[in-house]
Amino acid sequence: MAMTGVLRPGHAQVRVLELEKAVTFYRDVLGLVETGRDDQGRVYFKCWDERDHNSYILRESDQAGLDFFGFKVLDEATLDQLEKDLNEYGIKTRRLPAGDLLETGERVRFTLPSGHDIELYATKTAVGNGIPAINPGPWCADSERGIAPVRLDHTLLYGPNIAEVKKIFVDVLGFYLVERVLGEDGDSEAAIWLSCSHKVHDIAIAEYPEPGKLHHCSFLMESWERVLRAGDIMSMNEVPVDIGPTRHGVTRGCTIYAWDPSGNRFETFMGGYQPYPDYEPLTWTFDNFGQGLDYPQRKLHETFLTVVS
Ligand code: M3P
Ligand code: FE
């Protein structure tokens, strides 16, 4: 099998200020599918075309932001091996028991030098995408409610020590560097885009003094028209839009950034290209950061650099 190790982003647990207001937003406006609630009061969602039980979990708190971001790995033997590799590299891990997250097996959690909690897990109950596995139709009712992204695609995190974070993802977890923006010194990296797959990024990280910050979770749309329609739905519902619709120079992704009712930024995104691990990473110089963010407008929007949760 060509795909081994870390397979894909699997789940994000995000803090929201008012749970029921957030649930209404994520279900009716973003159009996620609610799949469960647990005895801690957390609410579980998936995107309509995802097959595992959950990918986006809301926890009520007095502060917005990201609790943790999880990656699904191939199997339990891979999970054991990656845990061992992390420990040998000098990273402490801890196991969270199966069932702590609904329909999810044991998770291996560790903290990045950027202050973010990352998890690896191998098991999550497959509930399907609402379309039969035999003679499936191309879509279903859940794909037509609200913005209705097909999957949780990637996250962009803000925090310190991204050179060390990069080493952990590349040297231990098998990711590769796809693109990067250099710092003002022309040498250090201000932001990096990493892939564990054929996707243009599975995680991105930008250097930022405060640890553990969330810039956005990104949701994949099937077409540019669906991104534009997402913009229509945002405006119909008075969702605060940050940037777009436009195209990132970095990744070539077509995008809208907007904020949920708690101030967590999210992205509706499509496109990009399909990199392979043998590709030379693409580099953006600091003076072209604006093109990297917003290619048509060549604008380094102030909010991109300063607003995180
Ligand atoms: C993305 C993304 C900049 C930002 C790029 C963003 C500054 O590629 O997916 O959010 O290049
Ligand atoms: Fe993004």
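Worth saying up front: this structure is predicted, and the values here are computed from it rather than measured. (Residues numbered from 1 in each chain as written. Chains lettered and ligands numbered in written order. Predicted model: local features only at pLDDT ≥ 70, side-chain atom pairs only at ≥ 80, totals over all residues. Heavy atoms only, no water.)

1. What to know about the site of ligand 1
Next up, step 1: In the neighbourhood of ligand 1, 13 residues make up the surrounding shell, with H201, H216, V250, Y257 and F289 lying closest.
Next up, step 2: With respect to ligand 1, the side chain of H201 contributes an N or O atom lying 2.8 Å from an oxygen atom.
Next up, step 3: G292 is positioned such that a nitrogen or oxygen atom in its backbone is 3.1 Å from an oxygen atom of ligand 1.
Next up, step 4: The greatest single-element share of the shell around ligand 1, amounting to three residues, is contributed by helix α5 (residues 289-293).
Next up, step 5: Per-class residue counts for the shell around ligand 1 are six nonpolar, six polar and one charged. (Near = heavy atom within 4 Å. Polar contact = N/O pair within 3.5 Å; in protein donor to acceptor, adjacent residues only side chain to side chain. Helix = DSSP H or I, 4+ residues; strand = E, 2+ residues; numbered from the N terminus. Nonpolar A, V, L, I, M, F, W, Y, C, P; charged D, E, K, R; others polar.)

2. A short note on the sheet that holds strand β17 (residues 282-284)
Next up, step 1: In spatial order, the strands read β14-β15-β16-β13-β9-β12-β11-β10-β17; together these nine strands make up an open sheet with mixed pairing. Both edges of this open sheet fall to β14 (241-247) and β17, since each of them pairs with a single strand only. The mean angle between the axes of side-by-side strands here comes to 20°, regardless of whether they run parallel or antiparallel.
Next up, step 2: Sheet topology note: the strand β10 (residues 176-182)/β17 ladder contains three bridges and is parallel. By the bridge assignment, E179 is partnered in β17 with L282.
Next up, step 3: Sheet contacts for helix α3 (residues 162-172): β9 (151-159), β10, β11 (189-195) and β12 (203-207); angle to β11, the most-contacted strand, approximately 15°. (Pairing = 2+ DSSP bridges. Axes fitted to C-alpha atoms, helices over the stretch in contact; angles between N-to-C directions. Contact = heavy atoms within 4.5 Å.)

3. Describing the coordination of the iron ion (ligand 2)
Next up, step 1: Protein ligation of the iron ion (ligand 2) involves H154 (NE2), H216 (NE2) and E267 (OE), the donor distances falling in the range 2.0 to 2.2 Å.
Next up, step 2: The sequence pattern formed by the donor residues of the iron ion (ligand 2) is H-x61-H-x50-E. Of this pair, H154 sits in strand β9 while H216 sits in strand β13 (residues 213-220), and the two are 62 residues apart along the sequence. Each member of the pair, H154 as well as H216, carries the same accessibility label: buried. (Donors = N, O, S within 2.8 Å, 3.2 Å for Na, K, Ca; no water. Buried < 20%, exposed > 50% of the residue type's maximum accessible area, 1.4 Å probe, protein only.)

4. What to know about the domain arrangement of the protein
Next up, step 1: In terms of domain boundaries, the protein breaks down into domain 1 (6-144) and domain 2 (151-306).
Next up, step 2: Between the C-alpha centres of domain 1 and domain 2 there is a distance of 20 Å.
Next up, step 3: Contacts between domain 1 and domain 2 engage 43 residues on the former and 41 residues on the latter.
Next up, step 4: For the pairing of domain 1 and domain 2, the buried interface totals around 3300 Å² over both sides, and the portion due to carbon and sulfur atoms is 73%.
Next up, step 5: When the buried surface of domain 1 facing domain 2 is broken down by residue, Y89, P113 and H116 rank first, second and third, together holding 16% of it.
Next up, step 6: For the pair domain 1 and domain 2, the interface holds one salt bridge.
Next up, step 7: Among the ionic pairs, E144 bridges to R226, the shortest N-O distance being 3.8 Å.
Next up, step 8: Joining domain 1 to domain 2, the criterion identifies ten residue pairs in polar contact (both at pLDDT 80 or more).
Next up, step 9: Elements supplying a minimum of two residues to the side of domain 1 that touches domain 2: β1 (6-16), α1 (19-29), β5 (65-73), α2 (76-89) and β8 (117-121). (Domains from an automatic or database assignment. Buried area = accessible area lost by both parts, 1.4 Å probe. Salt bridge = Lys/Arg side-chain N within 4 Å of Asp/Glu carboxyl O.)

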